[in-house]
Amino acid sequence: MSVVAMLFFIVVLLFALLAAAALLTWVERRLLAWWQDRYGPNRAGPFGILQAFADVIKILLKEDWIPPLADKPVFVIAPAIVAVTMLLGFAIVPLAPGLVIADLNVALLFFFAMTGLSVYSVTFAGWASNNNYSLLGSLRTAAQMISYEVFMLLSLVGVVILAGSFRLTDIVDAQRGMWFFVPQFVGLVVFFLAAIAETHRLPFDLPEAEHELVAGYHTEYSGMKFGLFFLGEYLGMMLSSAMIVTLFFGGWLGPPFLPPIVWFLLKTAFFVCLYLLLRAALPRPRYDQLMGYAWKFLLPVALLNIVVTGAIVVATRSPAEVGS
Amino acid sequence: MTTAFYIFGAIAIAATILTITRVNAMHALLYLVVSLLAVAGVFFILGAPFAAMLEIIVYAGAIIVLFVFAVMMLNLGDVSIEQERRWLSPDLWLGPSILSAILLAELVYLLSIGDLGAPPGEPVGAAAVAARLFGPYLLAVELASMLLLAGLVGAYRIGRILDERTAERTSSAEREPVAAGADAPQRVEATAASVFAHDGEGE
Amino acid sequence: MIDERSIAAAKRAQTSERTRSESWLWSQVAVLLSQIRSMAEVFLHGFRRRETIQYPEEKPYLAPRFRGRIVLTRDPDGNERCVACYLCAVACPVDCISLQKTEDETGRWYPEWFRINFSRCIYCGLCEEACPTYAIQLTPDFEMSEYDRRNMVYEKEHLLISGTGKYPGYSFYRVAGRAIGGKDKGEAENEAPPVDVRGLMP
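## Brief notes about the overall build of chain B
The number of helices and strands found in chain B is eight helices and zero strands. Ordered by position from the N terminus, the helices and strands of chain B form the series α-α-α-α-α-α-α-α. Counting only residues that meet the buried cut, chain B has 22% of its 203 residues in that class. Summed over its atoms, the accessible surface of chain B is roughly 13,800 Å², and 71% of this surface lies on carbon and sulfur atoms.

## A few points about the overall build of chain C
If you tally the helices and strands in chain C, you get six helices and five strands. Going residue by residue from the N terminus, the α and β elements of chain C occur as α-α-β-α-β-β-α-β-β-α-α. Scored against the burial criterion, the 202 residues of chain C give a buried share of 29%. For chain C, the share of sequence-separated contacts (at least 6 apart) that also reach a separation of at least 24 residues comes to 68%. With the model as given, the accessible surface of chain C reaches about 13,700 Å², and the carbon-plus-sulfur share is 56%.

## Things to note about the sheet that holds strand β5 (residues 153-154) of chain C
Strand pairing in a sheet is mediated by backbone hydrogen bonds. Such pairs are either parallel or antiparallel. One open sheet accounts for three strands, arranged β2-β3-β5 (chain C); its pairing is antiparallel. Here the strands that pair on one side only, and so sit at the sheet edges, are β2 (97-103) and β5 of chain C.

## What about the packing of helix α3 (residues 72-89) of chain A against helix α9 (residues 223-248) of chain A?
Each pair of packed helices can be described by the angle between their axes along with the distance between the axes. Residues and elements named next belong to chain A. Viewed as axis vectors pointing N to C, α3 and α9 meet at an angle of 25 degrees, and their least axial separation amounts to 8 Å. Taken together, the axes of α3 and α9 are roughly parallel relative to one another. As α3 packs across α9, the resulting crossing turns out to be left-handed. Along its contact with α3, which presents F75, V76, A78, P79, A80, V82, A83, M86, L87 and G89, the element α9 presents K225, L228, F229, L231, G232, L235, G236 and L239. When the residues that make up the contact of α3 with α9 are grouped by side-chain class, the tally is 14 nonpolar, three polar and one charged.

## Quick notes on the packing of aromatic side chains
According to the stated counting rule, one finds 32 aromatic pairs over all chains in the structure shown. Ring plane angle 20 degrees and centroid distance 5.6 Å describe the contact between Y120(A) and F124(A), whose orientation is recorded as stacked. In this pair, Y120(A) and F124(A) both sit in helix α4 (residues 107-128), four residues apart, roughly one turn of the helix. Judged on exposure class, the residue Y120(A) and its partner F124(A) are both buried. Where F166(A) meets F50(B), the ring centres are 5.9 Å apart and the plane angle is 35 degrees; that geometry is what we call tilted. Taken together, the residues F166(A) in the loop between α5 (132-163) and α6 (168-173) and F50(B) in helix α3 (residues 49-74) connect one chain to another. Residue F166(A) shares its accessibility class with F50(B), and that shared class is buried. Among the aromatic residues, those joined into a cluster by ring pairs are F181(A), F192(A), F249(A), F270(A), F271(A) and Y275(A). The ring of W109(C) is capped by K101(C), whose NZ or CZ atom sits 4.0 Å from the centre of that ring. Directly above the aromatic system of W113(C) lies the positively charged group of R115(C), at a separation of 4.6 Å from the ring centroid.

## Observations concerning the confidence of the model for chain C
Averaged over chain C, the pLDDT score is 84; the fraction of residues at 70 or greater is 89%. Taken over the whole predicted complex, pTM reads 0.76, whereas the ipTM for its chain interfaces reads 0.79.

## Quick look at unusual backbone geometry
In the Ramachandran plot, N130(A) falls in the positive-phi region, its phi being about 60 degrees despite a non-glycine side chain. Summarising the element assignment, N130(A) is placed in the loop between α4 and α5. Positive phi, close to 60 degrees, is recorded for Y134(C), a residue that is not glycine. Note that Y134(C) resides in the loop between α4 (126-130) and β4 (136-138).

## Looking at the side chain of T85(A)
Residues and elements named next belong to chain A. Secondary-structure assignment places T85 in helix α3. A relative accessible area of 6% places T85 in the buried class. Within the structure, the side chain of T85 is placed 3.1 Å from the backbone oxygen of V82, a separation counted as a polar contact. Beyond its immediate chain neighbours, meaning those up to four positions away, T85 contacts M114, L117 and S118.

## Digging into empty space enclosed by the protein
Residues and elements named next belong to chain A. Scanning all chains against the criterion turns up four cavities of 30 Å³ or more. Empty space within the largest cavity amounts to approximately 100 Å³. As for the largest cavity, its lining consists of 13 residues, and the residues nearest its centre are V82, T199, H200, G232 and E233. Looking at the lining of the largest cavity, the elements that each hand over two or more residues are α3, α4 and α9. Of all the elements, α9 adds the most residues to the lining of the largest cavity, at four residues. For the lining of the largest cavity, the per-class residue count stands at six nonpolar, five polar and two charged.

## Description of the packing of α4(A) against α5(A)
All names here are of chain A. Relative to each other, α4 and α5 sit at 175 degrees, their axes nearing to 8 Å. Looking at the two axes, α4 sits roughly antiparallel to α5. Side by side, α4 and α5 meet where L108, F111, F112, T115, G116, S118, V119, V122, T123, G126 and W127 of the first sit next to S134, L135, S138, T141, A142, M145, E149, M152, L153, L156 and V160 of the second. Taken together, the residues that form the contact of α4 with α5 break down as 13 nonpolar, eight polar and one charged.

## Topic: the pattern of salt bridges
This model, assessed by the stated rule, comprises 23 salt bridges over all chains. Between D288(A) and R286(A) there is a salt bridge whose closest N-O contact spans 2.8 Å. We note a salt bridge from E80(C) to K156(C), for which the minimum N-O separation is 3.0 Å. Of this pair, E80(C) sits in the loop between β1 (70-72) and α3 (87-91) while K156(C) sits in helix α5 (residues 156-159), placing them 76 residues apart in sequence. The exposure classification of E80(C) matches that of K156(C), with both residues buried. Sharing partners across several salt bridges, the network here consists of E28(A), R201(A), E233(A) and R279(A).

## Brief notes about the side chain of E128(C)
Residue and element names in this part refer to chain C. Residue position: E128 is located in helix α4. Of the residues examined, E128 reaches a relative accessible area of 17% and is grouped as buried. Beyond its immediate sequence surroundings of up to four residues, E128 is in contact with I136, Q137, L138 and K166.

Basis of the calculations
Residues numbered from 1 in each chain as written. Chains lettered and ligands numbered in written order. Predicted model: local features only at pLDDT ≥ 70, side-chain atom pairs only at ≥ 80, totals over all residues. Heavy atoms only, no water. Helix = DSSP H or I, 4+ residues; strand = E, 2+ residues; numbered from the N terminus. Buried < 20%, exposed > 50% of the residue type's maximum accessible area, 1.4 Å probe, protein only. Areas by Shrake-Rupley, 256 points an atom, 1.4 Å probe, with all protein chains shown as cover. Contact = heavy atoms within 4.5 Å. Pairing = 2+ DSSP bridges. Axes fitted to C-alpha atoms, helices over the stretch in contact; angles between N-to-C directions. Parallel < 35°, antiparallel > 145°, perpendicular 65-115°, else oblique. Left-handed = near helix turned anticlockwise from the far one by under 90°. Nonpolar A, V, L, I, M, F, W, Y, C, P; charged D, E, K, R; others polar. Phe/Tyr/Trp six-rings, centres within 6.5 Å; stacked < 30°, edge-to-face > 60°. Lys NZ or Arg CZ within 6 Å of the ring centre and 35° of its normal. pLDDT = per-residue confidence, 0-100. Polar contact = N/O pair within 3.5 Å; in protein donor to acceptor, adjacent residues only side chain to side chain. 1 Å grid on protein atoms, 1.4 Å probe; cavity = no way out; pocket = protein on both sides within 12 Å on 5 of 7 lines; lining within 4 Å. Points joined across faces, edges and corners; volume = space filled by probe spheres on them. Salt bridge = Lys/Arg side-chain N within 4 Å of Asp/Glu carboxyl O.

See the structure below:
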């Protein structure tokens, strides 16, 4: 791709992502309503689709208030971090062959770096708000995200062993024969659970559990700063869905009657809807249950998955193949 | 590329200086994160993307978060800021700074006379790093893993001691209503709970 | 005695606990499976009937005795039923009813003005129960939103309807013993002529 085409692609992707995140708020409300025997917002425009834009306009026009006792610079930076890191995370996602902003050879690690950095958004937000609910929320987040990051990484080692590369295009190409969710089913389950916890979506939204922490780390946020947290959450949801598709469900691969990018988007949309179904169906666990499940169940399972995958690969492939 | 290297380097140095001079622990950590990110950028430009990403994941993404966690738990207030301010008085930092300046001068001199060779042109990928780690540096890796294992066992032991203490406290608290002669259903519950608590300790 | 038994029961419960904890791994898997089951059930809810009533297009069913907007009714002759007895104003727990009694030349009472502040009204229906003449009635109508709160104060001309409401044939003055213009004592329905207390006839 030439520089101009690349710049054009970046701008288009950026706007598409922001619009998709806005639209996702409407999709979420419609789907939740659908599963709860309701209709959801169906008034503004066809099927109520303009509700998303009404919400965006509302959140832009709201008063953007900074608490007087807050640490002002940190308070302002915090919501930007999550939006920026999540948008940067999309730079490595291959939408179709050749349609990727940065085809890094350490793309998978870049994804982890970005999710790792997004923790700061929540922790700094909670600390800078100078509010006990926010502080408790961000303490929880810090512990939750660090622990889930550990075996999120471990759950993908199996995929890396099978593909022999951190490059996402290579990983997708390696799935031509069989999508990785078959040999790496355990890895998929662990990664999906970890991804929910990383984006702190329900049922693992302990950092913002409203029945005990008001709104957790963003209690003091309003206006567009709150909007950025919101945006970051939806972008994170889309990013982890895109990563699940890329790593386990063959990315853009699919029967040739549809173009590759459509396959990719369809699969991603499916996983985003699965996220929403989780929200509709499952109650929140207690915090110690959440952490216990991470360390006592998912971590051993992820480690076992690595050992078994490595053993099978070593046993079945020739050393030259393994080395490449 | 060279320009980018110098920009990253300048950011790293500036952020590190700001980390040292901030009186607010949280601001200092924020600058430390920026410094680590800049160093990761330097690694990237020098052809070590794997090291760059690990720098961000491990240092910026995990270790500094733990620092932030600790700072939030300790709830450092104006007192600690006042203390930091006192520590930043010149008579305290002048001595160490002069010594470090001499070291820096020596380092610059050594760098200027020695031929370090060109930086590696080939990017060092993950496979190359792995081959190195489990080849010539295997002993170091094993030593590090032993150290981590010791830390793990230690943490587990400390956690167990704390668990036992809380179990003792709750079980003794639950036994009290029995002594006080509370009504029967309550007593059954309390006894059952203390039986569980005892066996929990024994496991 | 009871302690021994309870300890035995607790121990039994605990042994069953232990057999369960042996299959701890299975219980973790079972947790996952039960979550998947509840997800499937929630998903199937998408194909159920919607409970929402799409209000402005689709009106909800309101029972005949629904307590909504308050009206003042007329008797079958087209006269106001309200006799300005103030009982509704007294019964009202939120004091949203106010009126002023006056009477016409024939001695018939009626409210000079009658005012209900619907922004205070709680639609409890106590005024309707207190009313001796079935004049004040609550109707199955709730669509009375306003942009200005002052518009929620209804005067007599807003409250008074032309019909009889829920009690079609009833007219207070036709059954009451009170004399008004055109109807003297003893002329009401089921009313015996007045006894002449000065007369000597039985």
